[in-house]
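This is what each chain is made of:
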Amino acid sequence: MIGDERRRLISTIALSLCLLISYTGFTQQKVLRGSIKDAHSDERIPFASLQFRTSNSGRLSDSAGNFVFRFDSWPLDTLVVTYVGYQDFILPLDSTFYSRINSDAATLNIKLERGKYATEFVVKRKVDRGLLMWRRIVKRKPFNDRYRFDNFSYELYNKLEVDVKNIKKDKWSKLPVIKQFNFVLNNIDTTEEGTPFLPVYLTEAISDYYYQKSPKRRREVFKGSKTIGVSNESAIQFLGGMEQNINFYSNFIPVFDKQYVSPLSDNGDNYYRYRVLDSQFVNNRRLIHMSFTPKRKGENTFEGDCWVHDSTWAVQKMNLRLTKEANINWVDRLSLIQEFEQLNDSTWFLSRDKFVVDLSLTGEKALSLIGRKTTTYRNVVINDTSVVREIAKNQLIEETIIPDSAKNATDTFWVNSRHEQLNTNEKAIYKTIDTLMNLPAFKRTTRMIDFLATGYLNIGNFQIGPWPNWITGNVEEGLRLRFDLGTNKYFDRKVILHGYLAYGFGDKKFKGKADAMWLINKNPRNTVFASFTKDFDRSQSYYDEISSDNIFALAIRKSGVPIKFLMMEEMKLEYFHEWHNGFSITLSGQRKQFEPIRNLPSADIFKGSSGIPLNTFETGIRFRFAYLEKFLESTFYRASVGSAYPITELRITKGLSGVFNSSYDYTKISASISDYSKIAPFGSIYYNVFGGKTYGTLPFVLLDVAPGNEIYYYNKYAFNLMNRFEYLHDRYAGINFEHNIGNGLFKFLPITRKLKFRQFWNAKVLWGSLSDANKAFNMPTGSDYKFESLDGRTYMEVGTGVDNIFKVFRLDLIWRLAPRPLPPEQVKKFGVFFSFRLAF
């Protein structure tokens, strides 16, 4: 009995000692944990190698990029983190490091900077594992691409954040414009590498997206849209799934306005080298890691890596990034990431994508912007009748629905509906923007910036500008001053009034214009427009995009080409009606009276059957069809961002004599078809085919005047080696064609590749003739001014040149090939023109 008690006591003491020793050992254990991310995209990097140099021990990060090390005591060593395509990360674990951490635990947030993917390959080998891997993926594309399904739908959450990078608080806080907004600089954060950045804008959108394969239909219904400071509905639509259709399984991937060859393209082996790196098991699934690099510099290709499921050959995750040699403007770095989730044994579907871009005017070390767009997909439904029922509500192939409830979603809605909660920086952005929007000083500053950029300034319920038209000059008017005044959306949201008054100190005459527009309906658009104008006619009969009525046109006129001054008095009434499908009708009535002032025939030689010479009244109808054309809209006006389909137009105009003392009866018919298409990998093309006929004997101002260009600024829509009023026609047809190749031949030279020059060529052709009656009427015997007509001949000019000079300038070299001049006629056969634009 006593022996048993003694044995139990000894066992208890021994067990207590063991637990005490175990607890003591546990409390003395040191823990080093952390995560590994891409320094640019902030994406976690799975299966990165972590190794200690001295002890030669290490491990891989897990599938989420996390790692944990446990030590009995802190080691004096050097941690080296490596991953394909990134620079090595080296961290000395010395006394300095340990002095900054807790005695028992440390957490590291490691950011890997981009490096170069290995491009050394064994040339002679029996099996190219990378190429074999690519072939398997491409072979299985029809079974893995989500667009193979008859229909699908999902809930889509979009979040777009804009940050300002490389902002220095001590310098910026002293700037007079910024000083009054210094509280904004309190949100400045710093990356792991010490680069300061300031989150400045955030917008979110949640929508239900529906897709049907045959017949192809798409529909999107917004459930919420949060755009503080931006109330433009046309901008909201670009935050949804209609514009979020990057598909890595496609042959080409859009990057801004360009098309890049996808690594999974059917012809990918012509552009990329593929390399199998390793394989890992995640959730009992074997994933194979593969990298890809461009075969040649200067082509529209990516570099990056992907993880592929080895039994379905479906992509689980892909990372794309642009190389330093990419011919794209203002972009320092760009990352595209897509992740897929397995819905069942054989089906993978997109679950998340991310787009991160660094934009800078002068380089990545200067002040620049970071744009981060994150999209997540939930509630995926595949091949279901519920999708068919929703798609059946469409009246068009594509429809975007933005109800008022979506634009006014409550904070409670966002807290409950976001796919991921906002972090500290993102919450601060909303608070900062809300504060700024209510500051009078901020409103004044943004108004002045807008005035300098657009030329217009809002003052209460009125608007002045554009300022480039305020001061100009020419040989007829001398110094010309002009002032515009109009109403804005604060005056009325349905009616806008505008007018200007100009005075020439040379001719000592006033000119001006007054116009009004009634916006009956915004979508589809329905307007009534009326105007009265008395000023020099500075336009062409069609396709002229340049006006000489601004200060910048004074210094770029062609030498030796006299300016034609034609005074015009016009009254116009116009009704415009558009339908949802892009078809529109414009009904118009207008009275015009012309008075040639200089370098044109006198009005006295033109007489009609009755009425006043060069006085006409006409009615017209225009039919236009631009299917699924998209616009960016303001309160009253809008700018087209194009259509995926050709745009057609038909005009019919009828002149009536005797109305408002009109002198002429005539009928004019014209038509055109134009399109802009991307033809990857060969760039893009633009074409415009046009033609028309005029019935009647008319003065030159009512005939078809071929559009010429009398300045050295290149005009895309005019014949640049032709002068204004050089050719008259009552029958004409033509074509305008331009092919923007991209890098073209410039990619083969290191210097032009570095300068990012771009190649293009164009051709413009015109056929025309003038009836004998119109020749006799416009070119009477004894007239000092002689018009010309092609008389069935062909006018042709072709051009090429260098685009993207210093990222903004374009140089055009134009040759006039036909017609050959008749003696003693002399024409300019070659010209050099310039233009500028901002484009990626």
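Above this note sits the structure.
Numbers given for residues are sequential positions, taken from 1 along each chain in its written order. With the structure being a predicted model, the display of local features is reserved for residues of pLDDT at least 70 and the display and counting of side-chain atom pairs for 80 or more, all residues being used for whole-chain, interface and lining totals. Here the side-chain values reflect all heavy atoms present in the structure, with hydrogen atoms and water set aside.

**Student:** How should the sheet that holds strand S7 (residues 105–112) be read in this particular structure?
**Tutor:** For sheets, the rule is that strands pair by backbone hydrogen bonds, running either parallel or antiparallel. DSSP calls a pair of strands paired once it identifies at least 2 bridges connecting them. Segments assigned H or I by DSSP are reported as helices when at least four residues long, segments assigned E as strands when at least two residues long, and all are numbered from the N terminus. Judged by pairing direction, the sheet is mixed, and its 3 strands sit side by side in the order S4-S1-S7 without closing on themselves. With partners counted over all chains shown, the strands left at the sheet margins are strand S4 (66–71) and S7, one partner each. Sheet twist, expressed as the average angle between the axes of neighbouring strands with direction ignored, equals 20°. In this structure, strand S1 (residues 30–38) lies alongside S7, joined through 8 bridges in parallel fashion. Pairing of arginine 33 across the sheet is with threonine 107, part of S7. Simply put, an axis is a line fit to the C-alpha atoms, just over the touching stretch for a helix, and the angle between two N-to-C directions goes from 0 to 180 degrees.

**Student:** Explanation requested: the pairing of strand S29 (residues 565–578) in the structure shown.
**Tutor:** Of the strand pairs in this sheet, strand S28 (residues 526–536) and S29 are connected by 11 bridges, and their pairing is antiparallel. The residue bridging lysine 534 from the neighbouring strand is glutamate 569, located in S29. As paired strands, S29 and strand S30 (residues 583–598) are joined by 14 bridges and run antiparallel to one another. Paired with glutamate 570 across the strands is lysine 592, a residue of S30. Counting the residues between successive antiparallel strands, the hairpin from S29 to S30 contains 4 residues, one of them, glycine 582, with a positive phi of roughly 95°.

**Student:** I keep staring at empty space enclosed by the protein and nothing clicks. Help me out?
**Tutor:** Over the atoms a probe the size of a water molecule is rolled, and this reveals where empty space is left. Detection works on a 1 Å grid of protein atoms alone, calling trapped sets that fit a 1.4 Å probe cavities and calling open sets with protein on both sides within 12 Å along at least five of seven lines pockets, with lining residues defined by an atom within 4 Å of a point. Grid points are joined across faces, edges and corners, and a volume is the space filled by probe spheres set on the points. A complete count under the given rule lists 5 cavities of 30 Å³ or more for this structure. What lines the largest cavity is a set of 20 residues, and nearest its centre among them are Asp38, Ser41, Tyr86, Asp305 and Asn319. Listed by contribution, the elements that provide at least two residues to the lining of the largest cavity are strand S16 (302–309), strand S17 (315–322) and strand S18 (331–342). Three classes are used: nonpolar for Ala, Val, Leu, Ile, Met, Phe, Trp, Tyr, Cys and Pro, charged for Asp, Glu, Lys and Arg, and polar for all others, with Gly counted as polar. Tallied by class, the residues present in the lining of the largest cavity amount to 9 nonpolar, 4 polar and 7 charged.

**Student:** Is there a simple way to think about the pattern of salt bridges in this case?
**Tutor:** Pairing between side chains of opposite charge can happen when their charged atoms approach one another. Counted as salt bridges are all cases of a side-chain nitrogen of Lys or Arg within 4 Å of a carboxyl oxygen of Asp or Glu. All told, the structure shown has 48 salt bridges when counted by the stated rule. The salt bridge involving arginine 638 is made with glutamate 578; its shortest N-O contact spans 3.0 Å. Within this pair, whereas arginine 638 is found in strand S33 (residues 638–642), its partner glutamate 578 is found in strand S29, the two being separated by 60 residues in sequence. What makes glutamate 578 buried here is its relative accessible area of 9%. Relative accessibility thresholds used throughout: buried, under 20% of the residue-type maximum; exposed, over 50%; partly exposed, between the two (1.4 Å probe, protein chains only).

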